[in-house]
Amino acid sequence: RYYSGEKKAPVLTVFIGGNHEASNHLQELPYGGWVAPNIYYLGYAGVVRFRGVRIGGISGIFKSHDYRKGHFECPPYNQQTIRSAYHVRNIEVFKLKQLKRPIDIFMSHDWPRSIYHYGNKKQLLKMKSFFRQEVESNTLGSPAASELLQHLKPTYWFSAHLHVKFAAFMQHQTNSKEELPKATKFLALDKCLPHRDFLQIIDIEHDPSAGDSLEYDAEWIAVLKATNSLVNVTQSSWNMPEKNGLHAKWDYSATEEAIKEVLEELNHNLKIPCNFTLTAACYDPSKPQKHVEPVHTINPQTTEFCAQFGLTDINDRIQQAKEEGSVRGEYEEEEEEEEMDSTGSAEEPSEYNTDNSGLSSINPDEIMLDEEGGDEDLSTCSVDPSPDHPPDFSASFSDIRIMPDSMAVSSDDAMDSTNEELEKSGVSKQVEEKSLNERPLKRIGGNENGNSGIKKIKRRNQAIYAAEDEDKTE
């Protein structure tokens, strides 16, 4: 939203959304698109190709109470929708699970649940001791992302969210003797601050003769076309089709014929058009506009994409619903009565047993929005974590070990991980010395400033970016 239209990113960048984005802008591109020249957003979920490398991702973080809802949010947001707008939905996971062809790189914001059992867990807990309870109970991270990890088995999986560098190596089990075993190299990085491990360069096999243009993925487009009838823009919760006797169709994977049709539609030219368009006035620091609410915008990129492939423009559908009165223009707080799913049965809290969203509620490194994290009332939550003194350690893909998929979880394992020789993966690592002078932050409750009744955005780390010695101020 601050782009002036005059510059181009020097390096092609592909990204997903997390929980601290300009949701109003990213929602304009539910199927992906350019947020600036040479910077491409994958959408709620998406797959693209670059020089033969297949890149996929899913945006947002997991929250069970929103997981089975449609994408109903739109600006202007209220206290609920400003958060639910970036919560992962089951339809995106369902679409990604229809993919059959191999994925080279996959991205998620929160970690796949259980991935910490496939790396140096002891070192992770030494660096972030406040993760211990969730690691021991195996509730840290996203169960939806874990499901995708088991299904897609990508070569690389990159995540963020927990503000710590951590690598893992997961050897997948095969379903048959004929199937070749696959493995995933997982990497999460730290915050982008001085003396933190926030950057790592990895060489990935690619086609050097291929062009330097980002391309559509034919199988993904075919899946989008096949699942278009499942689009839901209401707050009603429903389950995705499955083979349980309740759905006439449950397999929406792309056939070779469907993929061929997509290629023919595009005349075998998969190049993504460079059609970035400004949809909002550029930010002018000399003319600041305060308290301007974002508006619901239909992005021309999405309009063009949907017209080309015969897809439903989610934002246009939301706009129609609002005009028809089936969706309130200003969303009120959800009623407390139980919602019904598409089969008419009472909604279960989640298809997963627990709802920990991959972010420890006492992570002192996280930049939090009021009441974000575990949806607790932060005005009553004041926590002093144990002093966090990271040792001279920087995990990379060289620091890995193979563990069986069915490995049991125990507190002893989390506390007493051995330091046996870790298997080498051949990827170079960057090591930076960490300062031992970090001091933990205390989460400040709303009533400490005498304003417990006022909703505020608490950006406790905001001053860090301008501080001379950032690590010491943290």
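Above this note sits the structure.
Every value quoted in this text rests on a predicted model; they were computed, and no experiment measured them. (Residues numbered from 1 in each chain as written. Predicted model: local features only at pLDDT ≥ 70, side-chain atom pairs only at ≥ 80, totals over all residues. Heavy atoms only, no water.)

Further remarks concern helix α7 (residues 143–152). Across the 10 residues of α7, seven count as buried, placing the element largely inside the fold. Where α7 is concerned, the buried positions are Pro143, Ala144, Ala145, Ser146, Leu148, Leu149 and Leu152. Sitting at the amino-terminal end of α7 is Ser142, which places a side-chain oxygen 3.3 Å from the backbone nitrogen of Ala144. Of the residues trailing α7, Lys153 is marked for its positive phi of about 50°. (Buried < 20%, exposed > 50% of the residue type's maximum accessible area, 1.4 Å probe, protein only. Helix = DSSP H or I, 4+ residues; strand = E, 2+ residues; numbered from the N terminus. Polar contact = N/O pair within 3.5 Å; in protein donor to acceptor, adjacent residues only side chain to side chain.)

What follows is about the packing of helix α8 (residues 218–226) against helix α9 (residues 256–265). Their axes nearest at 8 Å, the elements α8 and α9 cross at an angle of 105°. Taken together, the axis directions place α8 and α9 in an arrangement best described as roughly perpendicular. Contacts between α8 and α9 involve Ala218, Glu219, Ile221, Ala222 and Lys225 on the former and, on the latter, Ala258, Ile259, Val262, Leu263 and Glu265. When the residues that make up the contact of α8 with α9 are grouped by side-chain class, the tally is seven nonpolar, no polar and three charged. (Axes fitted to C-alpha atoms, helices over the stretch in contact; angles between N-to-C directions. Parallel < 35°, antiparallel > 145°, perpendicular 65-115°, else oblique. Contact = heavy atoms within 4.5 Å. Nonpolar A, V, L, I, M, F, W, Y, C, P; charged D, E, K, R; others polar.)

The next thing to look at is the pairing of strand β4 (residues 45–50). In this structure, β4 lies alongside strand β5 (residues 53–58), joined through six bridges in antiparallel fashion. Looking at the pairing, Val47 lines up with Gly56 of β5. Linking β4 to β5, which pair antiparallel, is a turn of two residues; within it Arg51 sits at a positive phi near 50°. Sheet topology note: the β4/strand β10 (residues 215–216) ladder contains two bridges and is antiparallel. The residue bridging Val48 from the neighbouring strand is Tyr216, located in β10. (Pairing = 2+ DSSP bridges.)

Read across the sheet, seven strands follow the order β8-β9-β7-β6-β5-β4-β10 without closing on themselves; strand pairing throughout is mixed. The open sheet terminates on both sides in strands that have one partner only, identified here as β8 (166–171) and β10. As judged from the three bridges shared by strand β6 (residues 105–108) and strand β7 (residues 156–159), these two strands associate in the parallel manner. In the sheet register, Ile105 faces β7, and the bridge partner there is Tyr156. α8 rests against β4, β5 and β10 of the sheet, and its axis sits at about 155° to β4.

As summarised here, the arrangement of the three strands in space is β1-β3-β2, forming an open sheet in which the pairing is mixed. Unpaired on one side and paired on the other, β1 (13–15) and β2 (33–36) mark the two borders of the sheet. Neighbour-to-neighbour, the strand axes of the sheet open up by a mean angle of 35°, direction not taken into account. As paired elements, β1 and strand β3 (residues 39–41) share three bridges and run parallel to each other. Within the sheet, the bridge partner assigned to Thr13 lies in β3 and is Ile39.

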